[in-house]
Amino acid sequence: MSPKKLTCVCLAFFLVSCKFIQLDAQLEVGYYSTSCSIAEIIVRDEVRKGFMRDSGLAAGLVRMHFHDCFVRGCDGSVLIDSTPSNTAEKDAPPNNPSLRGFEIIDNAKARLESVCQGIVSCADIIAFAARDSTVMTRGLGWDVPAGRRDGRVSLASEALANLPGPSSNLNQLTQSFAGKGLTQEEMVTLSGAHTIGRSHCTSFSARLFGFNTTLGQEPTLDAPYAAQLRQQCPQGNTNPNLVVPMDPSSPTLMDTSYYMDVQANQGLFTSDQALLTDAATANQVSQNAMNTFLWQSKFADAMVKMGNTDVLTGDDGEIRTDCRKIN
């Protein structure tokens, strides 16, 4: 082969290789190190200030990251406000009134726009805030790969279709997470996020009253715990803001008491107790319950993987100026 032909072949190989590298390039740890080096510092500061006002906001921000990534991928679409012509994700029943912490995202975005205009996406702010919230509730932190761009579409109907509900069984949970590229073990691991935060009574009241034509209470639910819940959430109550902690023993700590609750048939949701209906998932519950560091390590890894779900990068999407509306 002549030197000229060899050069052409090498050049062609180089261009193809570059194309493959570009295709493989997704998110990157330290993405803002040169374009906005204080991005993560600002988000962490706003999360800290919110946490000091209300420690429960940490759970809201972790939940927000889940609910963002499970609908159209991690694109910040959960932050978009509804308009007269469109009901957005945040106003779908799985998100309203359960999601909170939007003001923390707003505050972080306003500060970032003042120092790094048009640089940091709302989707990345959510990812940073979820990590910081985990650390503030004594969980393990992780390096957050960034570079997400913001989506331009937010539909309540898609939240209803994509978010697993509190009454989901194991097969439904497994399929929902598999649809986002997550394994059944990662589903069990991420379910541990229910160790922090609270739930509205409406999300589990069917387990307490009129379960079926012969039983008032769901039989898999621990009787003393059910009695406690009935006191906290009386039958016929119409207060939409009535809430209870999802993990009564330590609702503000990222620990493994959630898994101990599940083992004791004190999982708040049907979806929690469903983890015991299969030998493999029951074994994972047991392993997590016994080893806090093991679970926290797996949780950090699973959050990184979940945060890469169907992300927009490169020229896709946009960098919103205001997280509540498209540019």
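Per chain, residues are indexed from 1 in the order of the written sequence. In keeping with the predicted nature of the model, local features appear solely for residues at pLDDT of at least 70, side-chain atom pairs appear and are counted solely at 80 or more, and the whole-chain, interface and lining totals rest on all residues. Only hydrogens and water are removed before side-chain values are computed, so all heavy atoms of the structure are retained for them.

**Q** Any chance you could break down the overall build of the protein for me, citing the residues and the numbers?
**A** Strands are runs of DSSP state E lasting at least two residues, helices are runs of H or I lasting at least four, and both sets are numbered from the N terminus onward. When its secondary structure is counted, the protein shows 13 helices and four strands. For a compact globule of 327 residues, the expected C-alpha radius of gyration is about 20 Å, and the protein comes in at 22 Å, within 12% of that figure. With the C-alpha coordinates of the protein rotated into their principal frame, the extents come out at 85 × 45 × 40 Å. Categorising residues by exposure relies on relative accessible area from a 1.4 Å probe, with only protein chains included: less than 20% of the type maximum marks a residue as buried, more than 50% marks it as exposed, and the intermediate range marks it as partly exposed. Each of the 327 residues in the protein was classed as buried or not, and the buried ones make up 46%. Counted over contacts in the protein with a minimum sequence separation of 6, partners at least 24 positions apart contribute 75%. To be clear on the numbers: accessible area is Shrake-Rupley with a 1.4 Å probe, and residue cover counts the displayed protein chains and nothing else. Carbon and sulfur atoms make up 55% of the accessible area of the protein, which totals about 15300 Å². Only the C-alpha atoms count toward the radius of gyration. The rule for a globule is 2.2 Å times the residue count to the power 0.38. The contact definition used throughout considers only heavy atoms, calling two residues in contact when any of these lie within 4.5 Å.

**Q** Please give an account of the packing of helix α3 (residues 57–69) against helix α4 (residues 102–115) that cites residues and values.
**A** With axes taken as lines fitted to C-alpha atoms, and helix axes fitted only over the stretch in contact, angles between N-to-C directions fall between 0 and 180 degrees. Direction vectors running N to C along α3 and α4 enclose 80°, while the axes themselves pass 9 Å from each other. Classified by the angle their axes make, α3 and α4 are roughly perpendicular. Residue-level contacts link Leu 57, Leu 61 and Met 64 of α3 to Phe 102, Glu 103, Ile 104 and Ile 105 of α4. Residue classes in the contact of α3 with α4 are distributed as six nonpolar, no polar and one charged. For classification purposes, angles smaller than 35 degrees are called roughly parallel, those larger than 145 roughly antiparallel, those between 65 and 115 roughly perpendicular, and all remaining angles oblique. Any residue that is not Ala, Val, Leu, Ile, Met, Phe, Trp, Tyr, Cys, Pro, Asp, Glu, Lys or Arg is counted as polar, Gly included; the first ten are nonpolar and the last four charged.

**Q** Pulling in residues and values, what's your account of helix α9 (residues 223–232)?
**A** All of the buried residues along α9 are Tyr 225, Ala 226 and Leu 229. Along the long axis of α9, the arc covered by the buried residues comes to 100°, so they all point the same way. Facing away from the buried side of α9 by more than 90 degrees, the exposed set consists of Pro 224 and Gln 231. Residues of α9 that are buried sit in contact with β4 (243–245). Taking the helix axis as origin, the arc is that swept by the directions to the C-beta atoms.

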